[in-house]
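Okay, here's what each chain looks like letter by letter:
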Amino acid sequence: MNYRHAYHAGNFADVLKHSVLFALIDALKAKSTPFCLVDTHAGSGCYALDGTEAGKTGEYKEGIARLLFPDLHQGPDAGPLPPLLRLRLAYPELLVDVG
């Protein structure tokens, strides 16, 4: 199987996975004992959503773009973001390329 994450970065599954990881890390930080987290399947860590690969699938539009630009995706039944997704947005430095 040929899988290149650049085509799928920021999609719904990415948002879910990273949100759960942030919640897990916050729960672990509440403990008084140290912990270690190792991501054995990490990719390059930064993907251009305006790049050729992401543009071919557009999967990020139904994932991270819905969180970054909620006003563009509000429906009649839209309410506030669930706590797990608000936690994801609490780390803005992880959403942009700062280098």
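Conventions and cut-offs
- Residues numbered from 1 in each chain as written.
- Predicted model: local features only at pLDDT ≥ 70, side-chain atom pairs only at ≥ 80, totals over all residues.
- Heavy atoms only, no water.
- Helix = DSSP H or I, 4+ residues; strand = E, 2+ residues; numbered from the N terminus.
- Buried < 20%, exposed > 50% of the residue type's maximum accessible area, 1.4 Å probe, protein only.
- Areas by Shrake-Rupley, 256 points an atom, 1.4 Å probe, with all protein chains shown as cover.
- Expected span 1.5 Å × (residues − 1).
- Arc of directions from axis to C-beta.
- Polar contact = N/O pair within 3.5 Å; in protein donor to acceptor, adjacent residues only side chain to side chain.
- Contact = heavy atoms within 4.5 Å.
- pLDDT = per-residue confidence, 0-100.
- Salt bridge = Lys/Arg side-chain N within 4 Å of Asp/Glu carboxyl O.

Draft legend 1. Just the overall build of the protein chain, in detail. Counting secondary structure elements, the protein chain contains 4 helices and 0 strands. Mapped from its N terminus to its C terminus, the protein chain presents α and β elements in the order α-α-α-α. Looking at the protein chain as a whole, 19% of its 99 residues are labelled buried. As presented, the protein chain carries roughly 7,400 Å² of accessible surface, and 60% of it is formed by carbon and sulfur atoms.

Draft legend 2. Focus on helix α1 (residues 12-29). Here α1 spans 26 Å end to end across 18 residues, near enough to the 26 Å set by a 1.5 Å rise per residue. Listing the buried residues of α1 in full gives D14, V15, S19 and F22. In a view along the axis of α1, the buried residues occupy a sector of 125°, so they form one face of it. For α1, the N-terminal cap is N11; the gap from its side-chain oxygen to the backbone nitrogen of A13 is 3.1 Å.

Draft legend 3. Local environment of the environment of G43. Looking at the secondary structure, you find G43 in the loop between α1 and α2 (52-57). Placed 38 residues apart in sequence, G43 and H5 show a C-alpha to C-alpha distance of 7.4 Å.

Draft legend 4. Layout of the side chain of N11. Relative to the assigned elements, N11 resides in the segment before α1. Side chain to side chain, N11 and E59 meet in a polar contact 2.8 Å long. Apart from the residues lying within four places of it in its own chain, the contact partners of N11 are E59, Y60 and G63.

Draft legend 5. Geometry of the confidence of the model for the protein chain. Looking at the protein chain as a whole, the pLDDT averages 80, with 81% of positions reaching at least 70. The secondary-structure element of the protein chain with the lowest mean pLDDT is helix α4 (residues 83-89), recorded at 68, while α2 shows the highest, at 94.

Draft legend 6. Region of interest: the pattern of salt bridges. Under the definition given, this model contains 4 salt bridges. Here K17 and D14 are joined by a salt bridge, their closest N and O atoms 4.0 Å apart. Of this pair, K17 and D14 both sit in helix α1, 3 residues apart, which is roughly one turn of the helix. A relative accessible area of 42% means that K17 is categorised as partly exposed. For K29, the salt bridge goes to D26, with nearest N and O atoms at 3.5 Å. In this pair, K29 and D26 are both assigned in helix α1, 3 residues apart and thus about one turn of the helix distant. Residue classification places D26 among the partly exposed positions, given a relative accessible area of 27%.

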